[in-house]
Every structure is written in C-alpha cells, then in structure tokens.
Amino acid sequence: MFKHSLRTLVRYRLYSIINLLGLALSLTCVVIIARYVHSELTVDSFNTKLDRIYITTEESSNSPGAPGFAGFPEERNLFNHSGVEKYSSFNFTGDDILVGNTSYSARLLMIDSSFLQIFDYTVVMGATNLRRPEDAFLTEAFAAKLFGTEDPLGKTLSYPGVNKILTVAGIVRMPETKSLLSFDMLTGKQLEAGSLVSHSVFLLSPEVDYREINRQYSEFIFKTPSGHSLRYQLFPYRDVYFAKNISGYGLSSRGNRTYIFILTATGVLLLLTGLANYINIYSVMMIRRNREFGMKKVFGAGGGVIFVQLTVENMLLTAGALVLAFWLTSALSPFVENTFGIRQYPVFGFDVCLALVLAVALPVAVSIAPYLRYRYFSPVRSLSSVGNIKHRFLFSRNFFLCFQYFITTGLIIVSAFFTKQLYFMLDKDLGFRTENIISVPFLKLSNASSFVLSDEEYESEIKKIKETGDKLRQKLNASPLLERWSFGQFPFDMGNGFEFKTPAGNEFQTASLIWADETWFKTFDIQLLEGRLWDNETDTRESYNLIVNESTLKHFGIPDYREGLLQPHRRIWWSANRSDEMKTNPPYRIVGVVKDFHTEHLSKQVKPVVFHFLKGHETLPVTAAFAPGHRQDVIRFMKTLYDEFVGGEFSYSFIEDRIAGIYREDKKIVMIYTVFTGVAIVISMLGLFGLSLFDIRQRRKEIAIRKINGAQITDILRLLMKKYFILLGFAFAVATPAALFVISKYLENFAYKTPVSWWLFAAALTVTAAISLVTLIWQTYKAGNENPANVIKS
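Undergrad: Help me out: how do you make sense of a nonpolar patch on the surface in this one?
TA: On the surface, Val124, Met125 and Leu153 cluster together into a nonpolar patch covering about 180 Å² of accessible area. As for its position among the elements, Leu153 is in the loop between helix H4 (140–147) and strand E7 (156–159). Classification of Leu153 by relative accessible area gives partly exposed; the value is 30%.

Rendered as structure tokens:
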C-alpha cells in the first residue's frame, strides 16, 4: 500500500509538489504561532508548585477594582495562617554594579531564604541558597557578560548603592520556558533598602482555597495619609502574566491576550487557506483517477481498501509538509524573533504532539470526502465518467477557491488598515518635539543611597554629584552641536500618579505629577496657552505654584486657571532634612496652562498632567535637542563626556526610538498580518496555478476549436477568467463586512482612530484580481499558441 501510494504521488508529481509546498507554508506559520501561544499559556510552568503560589495585591477604597501587586503588611499576620506552607518576599531594583572600574547596569532581585524553596530556579554552580548578606547569585548570561569564560564563583562585585562588596556564591540557570520574573542577579533581602516596592508570595497547602482566605481579609482597614483605606488579597501567581488591570513594579514581562487571539486567529485562517488549497488540488488529482478507482471496484476492492489508500497518500504528503515546515521554522527563527518579537521556545513533547495531531487529523479529514464519493459510486458510473468531468467536484472546487479568495481578500484589507492606523499614530502630532532628541543617563544616585547612607555620607555624595554636574553643564553649554538641553526625561518616561482635589472637592483624584524646569519645556517645545512657564531665576522648589495641561482643568472642573487651586493629598516636596517631612500642606496655585500632549499610547485619552518646579536635577538624564544630520556627531560627543565624567557602560536613547517602542505591539500585529497575508497570497497562487492548469488542460480542444473559428488569446483569457472573477466578486462581498467587523473590534479601545478609507477595499480587490490574472495569463498564452491541428489530433 505504501509503495503504491508513493507511485501515485510520483505519477501526479506536479499536483503533489503544489500541494506539498502550499501545505508546508501553511504549517510553517501554524507551527511558529502554536509554539508561541503555547509558551505564552505556560508561563512559569517550570515551577512544579505553580498552582499553589499566590502573590498579594493592594487595593484602595478610593479606587476599588484597581489593585496593584504589593507586599503584605506584617500586621495582618497571614504568615501564621494554618493554610500557609511557606512565605517569601522579594524586591526589584535596577542599579549599577562595578567590576573593577567598569560599571554595568543590572536588574537585581532581592530575596529571602524561602524564595528558592518556593520557585524552582535551578542553581547550577555554587551554594544552593544565599547564606550570607554579601552573597550574590548571577544568571549564566550575566556572569558571562561580567567575567567571560572565567569561573565566576568567588569573584567580587562592588554595589555602590549600598556601599557593599558582594561575592558571587552561585550561578542560576534561567528556565527554557518563559518566566514572569526577569533578573540578572539575586541578592539578599538585607540589601533591600533601595527597592521601591516589595512583593509577597505565599505557598498554600494543597487543600486550601485562597478565596476563603481573601474573605477573611476582605475589609479595608489600613489608613493612608490621604485618608483612604487599604486591603490586601491573594492572587494566583499563574494568572499574573495576563492580569492586565493589576499594576506591579518589576513584573514587567506581561502577556497580551488580544495579541495571542490575533495570532491564533491568523494561524487558523492560514491553516484553513492551506487546507482549502490542498483539498482543491487533491480533488483535481481524484478527478484524473476515475478509471483507477472504477477498476479497483470492478476487481473487488472494498471501501476500507480505498480509504486506507487515500489516507496513506495524504499522510505521506502531510508528513513531507511537516518535515519541511519544522525545518523552515528553525531556519526562520532569528527572522521571526527579530521581526515579530516572537521568540521560539521549542518543547519536544509539545512539538511531537502537534506533529502527530496534524499528521493524523489532516489526512483523515481530507480523505473522507473523496472516499464517500467513490464508495457509493458504482464501477460503471466511475468508468463512464472518464473524460466527462465538467461537473464532477465542481461545487467543492468552487467553494474552496471562493474560500481562499475570501481569506486572502480579508487579510489584505485588515493588514492594510492596521498599517494605516499604525502610521496614523506614528505621524500624529503628539504636542511636543519628537525628532532629534537624545537622552543619556550620566550622574546616577543609587536607589538605595538615601536609605543606607548616613546624612553626612548622603550629603557628601550629593555634593560630589553637583560638582560634577556643574562641570558637565559647562561642556554641554559650550557645544555647538546642541540646540537646547535639560536635565530631565522624555515626556512619556516622566510622571508619577499623585492625588489632588480642588478646595471645594470631596474626593481626591489622580493626576500625573512631573518635575520640570524652564529648560525642559524649551527642549521639548511644549506650547504655552495661558499664563507662564517656569523661570529658573525666580521659581523655586519650595513655591506653591503649579503648571497644568488643558485636561487637568477639564478633569477638575476649573473654568479659569487664574482662580484655580489644587490641594495635594500630601506635600509635594520635603524639607532639606530628609527625615523631617514638612508639616504644612496648603493648596497650590495654577500659574500656567500648556497645550495637551500625549504621553501614552494613542489608544488612550490625554490624562491630567501637573508640573511642579525642580531646577535641573543632575541625577536625571541629560536630554538634548540637536539639529538634523548630526546624530552620529552627537553620539560621539556624549560618549566622550560619559567617559570623562562617569566611565563604564555607555547607553543612550533617541526620542524617535522611544516613541516607536510605545507602538511595538502594534508594529508586531502589522508585521504579522502583512507577512502572513503574503503567505496566504503565495498559497492562493499555488492553488490557482494547479486549478487553472487542470482547467486549461481539460479545455485544450475547446481552445483549439475557438482559435480555428477566429478567437484571439484575449478572448480565450476573458472566457477562462470569467469563472474566477465571479467567485472573487462573491468572496469580496462576504469578506468586506467580515473585515469591517474585525477592524471595528480592533478599534474599540482606541481614543484616536484613522478613518476606514474606500481605497483599502479597492486595493484588496485589485491585488487579488491581479493574482488570478498573473497566475492564468502565462498558461493561457501557452495554450493559445499551440497548433490547433496538433491539439485536435491528440
């Protein structure tokens, strides 16, 4: 049976090759998408106790339903709950580590002794846990970055932020599957002073229901300075990755269900496109085999024999397509990761299961229809229909061809609109300067310095930074390369949520608080609408003045800024003595209004922004505007200054790149639809080539007779194209509302939308028609130039 099936595929090798290539392209996309979706849905699956790990969330009575991940307060005594098997806490911070005189940026995860007992991170070298306060574990990748091929165990690192020398006591291997936590180094909780937020995790006993514990701790009881109450709840750690509405510092590796849904839907459509193409081409092969199956039935072949033969043939083709697909997946892995941001996490068990399902399900599904046809056709009917195949399989061929047109046209419309929406967002005026601005972090004050240093040491470090900052200012002011510069960040990197209310208001509401000075507004060309901007000569940090954007006035119901006052829930600034917070908290006067500018993705409305004065703080990055055409000169200049004043690892970013980063997910979606639409077009062209080849071969004598009667090649082409264009028109009529539905769903959460233009649909129809025309024209030209006499004789 195997040899016979193989000989059949060789006999119809042209159709077999078309089927093999079309199915392989389709399955390549399916394998890439399936691997990615599997990795997204199995985040942290390396943790054997994942179903019993819970993280705490903090929720305010002022904004119920909007919790954030935070540490569990000691007062609640949950640590001693009978259902808690183990408890751990960890903190994130980003800081500089020194190896010799070279500085490296590192992501630090500060843990206690229970962390590695709850989470299954593998320590491949050294101690099994942190034993001393000065011990540190490095990841394999970070150890290689710091020490190359040298043995890292026992090496020392300097952590200036806490004024400590750390010793490498172990090497951690990051899991091969995706993990929620991303870090370069593990250190002890004794160094946690510089961390911004603590996270608490609990390992519950197998029989404990976390929801029952949440009911026991459901009251809002902890009071904040603004008068709000807080409550703390447990949340399943396995669900954190897709917890879109729960914020959490350090838990930056978060999933996007919409992105996964789009990928999955695209994969299904491509699989259906490949399957439709496969069925169509295979039906052509079956039409040409009428005599074969008629003779088999005459000689007593049963239905089981026919079904097995069909299934084996399709299994051979599917197996070949799968081998080619997995090879293409591996070969294209770097391209896919760099272009789409889809990293491949090959899992042998998953790949085997996926291959087995496809290798069995597809051949069986494809074989059922032709088996039923020949199973219930009499041998006489099969033999008598040889050469008379005009209506055999006609409906199914037209249906699947129309389906391919539908998917191809729909994908072209959707991908074209997604591209249009992306460039609409990238080209939209954000309300500030968005070109030729560089940001370089120079003088850093460690996150931990103000906590672990004495007042004298802290003031000494600040003094040193200011002295270096003055020298840096002189160099920057003297540079002809820079138009304007400031100590500050990009607008979308600034701002912390701060609560305000009007004196007459009852509820505090959140606005984004940004510290800025006169030079920052000038660097970014922020437009003033009313009042004034900051003046570095007259304004001070201690003044009770604010500048706001238009949305702040609307949000707080202030009709005239000159009469507007905003009361913060606590004082915005502290006294020079860091341990003595100022007692008074008067309302702040609004002295200026700037035009709204966008600091977030354009799917969101502009938020209220409040500016407080802070004259160029040297610990903020240097943000400089420069003239076009001098990018490389500015990079070299900044690198020279960095080497002179700081040394170590030099990093910089351009505002264009940061803006592009905001729309990274949108770019991925556009690239996915564009590339996969191209794949669908190629598959459709292969299918059209096979079908048109079959049609033209069956109508060779008809074409010859028409030529004898005076028909031109254009007349023949028009005759052959008529059927395809009718099917295309029907598919387009169905694809248009379907594409509009997808577009409307995509735009539901966008505050700013580009219009759906008519030319998107015209372009999709034109491209699909051109595909059909290009595919048919060569074969029609070839058939039209044959000698009619030779064709009729044959």
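Undergrad: What's the story with the packing of helix H19 (residues 664–698) against helix H22 (residues 758–784) in this structure? I'm lost.
TA: How two helices sit against one another is set out by the angle between their axes and by the gap between those axes. Following both chains from N to C, one finds H19 and H22 inclined at 35°, their axes separated by 10 Å at the closest point. Of the two possible hands of crossing, H19 and H22 adopt the one that is right-handed. Contacts between H19 and H22 involve Ile681, Met685, Leu688, Phe689, Ser692, Leu693 and Ile696 from the former and Val767, Ile771, Ser772, Thr775, Leu776, Trp778, Gln779, Thr780 and Ala783 from the latter. Across the contact of H19 with H22, the residue classes break down as eleven nonpolar, five polar and no charged.

Undergrad: What exactly am I supposed to notice about the pairing of strand E15 (residues 496–501) here?
TA: Judged from the five bridges that link them, E15 and strand E16 (residues 509–516) form a sheet pairing that is antiparallel. Note that in E16 the partner of Phe498 across the bridge is Ala511. In terms of strand pairing, E15 meets strand E19 (residues 565–568) through two bridges, oriented antiparallel. In the sheet register, Lys501 faces E19, and the bridge partner there is Gln567.

Undergrad: Would you take a moment to explain the pattern of salt bridges for this structure?
TA: Oppositely charged side chains may form a pair once their charged atoms are brought near each other. By the definition in use, this model includes 29 salt bridges. In this structure, Arg238 and Asp51 form a salt bridge, with 4.0 Å as the shortest nitrogen-oxygen distance. Of this pair, Arg238 sits in the loop between strand E12 (229–236) and helix H6 (257–287) while Asp51 sits in the loop between helix H2 (13–41) and strand E1 (53–60), and the two are 187 residues apart along the sequence. Judged by relative accessible area, Arg238 falls into the partly exposed class, the value being 39%. A salt bridge links Glu618 to Arg473; its shortest N-O distance comes to 3.1 Å. In this pair, Glu618 is assigned in the loop between strand E21 (609–613) and strand E22 (622–626) and Arg473 in helix H14 (residues 455–478), connecting sequence segments 145 residues apart. A relative accessible area of 6% means that Glu618 is categorised as buried. We classify Arg473 as partly exposed; its relative accessible area is 21%.

Undergrad: Looking at this structure, I do not really get the sheet that holds strand E23 (residues 653–654). What am I missing?
TA: Strand pairing in a sheet takes place through backbone hydrogen bonds and is either antiparallel or parallel in direction. Strand order in the open sheet formed by four strands is E14-E22-E13-E23, and the pairing between neighbours is antiparallel. Only two strands of the sheet have a single neighbouring strand rather than two, namely strand E14 (482–487) and E23. The pairing of E14 with E22 spans five bridges and is classified as antiparallel. Looking across to E22, one finds that Phe487 is bridged to Val622. Contacts between helix H17 (residues 631–645) and the sheet are confined to strand E13 (437–440), E14, E22 and E23, with E13 contributing the most and set at about 20° to the helix.

Undergrad: Is there a simple way to think about the packing of aromatic side chains in this case?
TA: The relation between two aromatic rings is expressed through the spacing of the ring centres and the mutual angle of the planes. Summed over the entire model, instances satisfying the criterion amount to 34 aromatic pairs. Ring centres of Phe418 and Tyr746 lie 4.1 Å apart, and the angle between their planes is 40°; this geometry places the pair in the tilted category. Linking Phe418 in helix H12 (residues 394–427) with Tyr746 in helix H21 (residues 713–746), this pair joins segments that are 328 residues apart in sequence. Per residue, the accessibility class of Phe418 equals that of Tyr746, and both read buried. Sitting over the face of the ring of Phe242, Arg257 holds its NZ or CZ atom 4.2 Å from the ring centroid.

Undergrad: Help me out: how do you make sense of H4 in this one?
TA: Along H4, the positions that sit buried rather than exposed are Phe142, Ala143, Leu146 and Phe147. Around the axis of H4, the buried residues are gathered within 105° of arc, so they sit on the same side. Close packing links the buried residues of H4 with strand E3 (84–99), strand E4 (102–111), strand E6 (135–139), E7 and strand E8 (164–173). Just past H4, the residue Gly148 takes up positive phi, approximately 65°.

Undergrad: Explain the nonpolar core here, please?
TA: Nonpolar side chains in soluble globular proteins tend to end up buried together. Membership of the largest hydrophobic core comes to 140 residues, with the highest contact counts inside it found for Leu109, Phe115, Tyr121, Leu181, Tyr237, Phe521 and Phe611. With 14 residues, H19 is the largest single contributor of residues to this core. Those residues in contact with Phe521 that lie beyond four places of it in its chain are Ala516, Ile526, Leu533, Trp534, Ile547, Val594 and Phe611. In this structure, Val440, Val634, Phe650 and Phe654 belong to the second largest nonpolar core, which totals 22 residues.

Undergrad: For this particular structure, what's the right way to read the environment of Val268?
TA: Examined against the element boundaries, Val268 turns out to sit in helix H6. Each C-alpha atom of the pair Val268 and Ser26 lies 9.5 Å from the other, and the pair is 242 residues apart in sequence.

Undergrad: So what exactly am I meant to see when it comes to the confidence of the model for the chain here?
TA: Interpretation of this model should avoid reading the predicted coordinates in detail wherever pLDDT is low. Overall, the prediction assigns the chain a mean pLDDT of 82, with 85% of residues at 70 or greater. The low-confidence segment residues 385–390 (pLDDT under 50) makes eight contacts with residues lying over four places distant or belonging to another chain. Every residue in residues 576–582 is under pLDDT 50, and counting partners more than four places away or in other chains gives eleven contacts.

Undergrad: Even after reading the chapter, I still don't get the pairing of E22, so can you show me in this structure?
TA: The side chains of a regular strand alternate between the sheet's two faces. Counting buried residues along E22, five of its five residues qualify, which places the element largely inside the surrounding structure. Burial of E22 is two-sided: the residues Val622, Ala624 and Phe626 facing one way and the residues Thr623 and Ala625 facing the other way are all buried. For E13 and E22, the ladder comprises four bridges, and the chain directions are antiparallel. Across the sheet, Ser439 pairs through a bridge with Thr623, a residue of E22.

The rules behind each value
Residues numbered from 1 in each chain as written. Predicted model: local features only at pLDDT ≥ 70, side-chain atom pairs only at ≥ 80, totals over all residues. Heavy atoms only, no water. Patch = residues over 30% accessible without salt bridge, like charges linked within 9 Å, V, L, I, M, F, W, Y side chains within 5 Å. Areas by Shrake-Rupley, 256 points an atom, 1.4 Å probe, with all protein chains shown as cover. Salt bridge = Lys/Arg side-chain N within 4 Å of Asp/Glu carboxyl O. Helix = DSSP H or I, 4+ residues; strand = E, 2+ residues; numbered from the N terminus. Buried < 20%, exposed > 50% of the residue type's maximum accessible area, 1.4 Å probe, protein only. Axes fitted to C-alpha atoms, helices over the stretch in contact; angles between N-to-C directions. Left-handed = near helix turned anticlockwise from the far one by under 90°. Contact = heavy atoms within 4.5 Å. Nonpolar A, V, L, I, M, F, W, Y, C, P; charged D, E, K, R; others polar. Pairing = 2+ DSSP bridges. Phe/Tyr/Trp six-rings, centres within 6.5 Å; stacked < 30°, edge-to-face > 60°. Lys NZ or Arg CZ within 6 Å of the ring centre and 35° of its normal. Arc of directions from axis to C-beta. Core = buried A, V, L, I, M, F, W, Y, C linked by side-chain atoms within 4.5 Å. pLDDT = per-residue confidence, 0-100.

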